[in-house]
Amino acid sequence: MSEAKSEESSAEGAALNALLSACPCGKVPTAIYVYADSDRPKWAYCHGNCCGEWNIEFRAGYADLASDEIQRLSEEAWNAAPRAPADNAD
Ligand SMILES: [Zn+2]
């Protein structure tokens, strides 16, 4: 028997994943992309880097689109957004 040394070092990803809730697509995004129709939007949209199909609107409060602030707001909104339960165990 040979020594199987498969190194699935995902510590870095796991640390990032811990910050974000799972997407309804079933994956946990490691990044949230923010987009809006202006540089300092009142409302903006964001989606995860998993599927990019589930997007949510959140209040950006005129924060700069490139700021850490808007990124933080998007991640909060992402985690707080209601999701359909993954298992329909009714
Ligand atoms: Zn997704």
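Before any of the text, the structure's been laid out above.
First things first, this report covers the structure right here in the doc. Numbering of residues starts from 1 in every chain and runs along the sequence as written. Side-chain atom pairs in this predicted model are given and counted only at pLDDT of 80 or more, local residue features only at pLDDT of at least 70, and totals for whole chains, interfaces and linings cover all residues.

Quick word on the overall build of the chain
Each helix is a run of DSSP H or I of at least 4 residues and each strand a run of E of at least 2, with the numbering of both proceeding from the N terminus. In terms of helices and strands, the chain carries two helices and three strands. Sequence-ordered secondary structure for the chain, helices as α and strands as β, is α-β-β-β-α. Counting only residues that meet the buried cut, the chain has 19% of its 90 residues in that class. Within the chain, contacts between residues at least 6 apart in sequence are counted, and of these 41% link residues at least 24 apart. Residues are called buried when their C-beta atom has 20 or more other C-beta atoms within 10 Å, exposed when it has 12 or fewer, and partly exposed otherwise; all C-beta atoms are positioned from the backbone. In this description, any two residues whose backbone-derived C-beta atoms lie within 7 Å of each other are considered to be in contact.

Focus: the environment of isoleucine 32
With respect to the helices and strands, the residue isoleucine 32 is situated in strand 1 (residues 32–35). Isoleucine 32 sits 23 residues away from asparagine 55 along the chain, and the two C-alpha atoms are 9.8 Å apart. Setting aside its immediate chain neighbours within four residues, isoleucine 32 contacts Leu20, Cys46, Gly48, Ser74, Glu75 and Trp78.

Some thoughts on unusual backbone geometry
Here the phi dihedral of tyrosine 62 falls at roughly 65 degrees; this positive angle occurs in a residue that is not glycine. Counting through the fold element by element, tyrosine 62 comes out in the loop between strand 3 (55–59) and helix 2 (68–80). By C-beta crowding, tyrosine 62 is classed as partly exposed, having 13 other C-beta atoms within 10 Å.

Examining the pairing of strand 3
In this scheme, strands are said to pair when DSSP sees at least two bridges between them. Taken together, the five bridges between strand 2 (residues 43–48) and strand 3 define a ladder with antiparallel strand orientation. Note that in strand 3 the partner of tryptophan 43 across the bridge is arginine 59. Here strand 2 folds back onto strand 3, and the loop between the two strands holds six residues, one of which, glycine 52, carries a positive phi near 75 degrees.

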